[in-house]
Amino acid sequence: RRAEGDLYRNAFYGMDRKRVLFFDLELTGVYDHDEILSISIVDGTGEVIMDTLVKPVRNKKWKRTEKIHGITPEMVEDAPHLGDLIPELKRIFADADVLIAYGVSTDYSHIKYIYETAAEREELHGNPRCCANEFVRYIHEHRPDVVHASLVDAMETMGIAWDGIPHTSIADTIACQKVWDALFPHYYQGE
């Protein structure tokens, strides 16, 4: 299994760094009915494409997740609503060949609602890749001593330094990109 995984991770994928997007969301909670509080998107070059707070429509407090990401109701008071960001998000995602998140199922379950139709959601669904799944595969093959697979664990295991504060959407997005790059050293064109 290890040899097969190494071949997969060391393959030359020829992706354009500008068309590979990493993203992360911070939320009012962990369920589908919870709302987005921040969105960060970075491309494969490390350029920040979007980094914004989002004012929720229904939720006024989120004490449990506030303790994790530090976003307070006061911080989002003057932020745009998700609806205001939808045209720009659609434009950004339309230009991407691949969307990558750490734990993509949670982020995808919230970001898909920027699209009105099932066909649009299905098209978006074809693009996401999960960095967490790739890290889990890597540790099963190379580091069975690692028992947790959070992004913090991935950064520590791969020996990568954080840019920013963990559990903020921008720091987590940059961390996801760094972990992906460590796992897939030949993912981009010319590498």
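The text that follows walks through the structure, step by step, so that each part is easy to find. (Residues numbered from 1 in each chain as written. Predicted model: local features only at pLDDT ≥ 70, side-chain atom pairs only at ≥ 80, totals over all residues. Heavy atoms only, no water.)

### Some words on the overall build of the protein
- When you go through the protein residue by residue, the secondary structure sums to 8 helices and 5 strands.
- Each helix (α) and strand (β) of the protein, taken in turn from the N terminus, gives the series α-β-β-β-α-α-β-α-α-β-α-α-α.
- Computed over C-alpha atoms, the radius of gyration of the protein comes to 17 Å, within 12% of the 16 Å expected from 2.2 N^0.38 for 191 residues, which places it in the range of a compact globule.
- Projected onto its principal axes, the C-alpha coordinates of the protein cover approximately 50 × 35 × 30 Å.
- When the 191 residues of the protein are sorted by exposure, 46% land in the buried category. (Helix = DSSP H or I, 4+ residues; strand = E, 2+ residues; numbered from the N terminus. Rg over C-alpha atoms; globule rule 2.2 N^0.38 Å. Buried < 20%, exposed > 50% of the residue type's maximum accessible area, 1.4 Å probe, protein only.)

### Comments concerning the side chain of Ser40
- Mapped onto the fold, Ser40 is located in strand S2 (residues 36–43).
- Using a relative accessible area of 0% as the deciding quantity, one classes Ser40 as buried.
- Every residue in contact with Ser40, bar those within four places of it in the chain, is listed here: Phe22, Phe23, Asp24, Met50, Asp51, Ser169, Ile170 and Thr173. (Contact = heavy atoms within 4.5 Å.)

### As for the pairing of S2
- Counting buried residues along S2, 8 of its 8 residues qualify, which places the element largely inside the surrounding structure.
- Judged from the 7 bridges that link them, strand S1 (residues 20–27) and S2 form a sheet pairing that is antiparallel. Paired with Glu26 across the strands is Ser38, a residue of S2.
- Pairing between S2 and strand S3 (residues 48–53): 5 bridges, direction antiparallel. In the strand pairing of S3, Val42 is matched with Val48.
- In this structure, the hairpin formed by S2 and S3 is closed by a connection of 4 residues, where Gly46 is found at a positive phi of approximately 95°. (Pairing = 2+ DSSP bridges.)

### Side note on the packing of helix H6 (residues 131–142) against helix H7 (residues 151–158)
- H7 packs onto H6 with a crossing angle of 50° between their chain directions and a minimal axis gap of 11 Å. Comparing their axes, H7 and H6 come out oblique. The way H6 lies across H7 gives a crossing that is left-handed. Contacts between H6 and H7 involve Phe135, Tyr138 and Ile139 from the first element and Asp153, Ala154, Thr157 and Met158 from the second.
- For the contact of H6 with H7, the residue count by class is 5 nonpolar, 1 polar and 1 charged. (Axes fitted to C-alpha atoms, helices over the stretch in contact; angles between N-to-C directions. Parallel < 35°, antiparallel > 145°, perpendicular 65-115°, else oblique. Left-handed = near helix turned anticlockwise from the far one by under 90°. Nonpolar A, V, L, I, M, F, W, Y, C, P; charged D, E, K, R; others polar.)

### Some words on unusual backbone geometry
- For His167, which is not glycine, the phi dihedral falls at a positive 80°.
- Note that His167 resides in the loop between H7 and helix H8 (169–183).

### Observations concerning a positive patch on the surface
- Taken together, Lys61, Lys63, Arg64 and Lys67 make up a surface patch of like positive charges.
- Accessibility expressed as a relative area gives 70% for Arg64, which makes it exposed. (Patch = residues over 30% accessible without salt bridge, like charges linked within 9 Å, V, L, I, M, F, W, Y side chains within 5 Å. Areas by Shrake-Rupley, 256 points an atom, 1.4 Å probe, with all protein chains shown as cover. Salt bridge = Lys/Arg side-chain N within 4 Å of Asp/Glu carboxyl O. Lys, Arg positive; Asp, Glu negative; His and termini not counted. Charge placed at Lys NZ, Arg CZ, Asp CG, Glu CD.)

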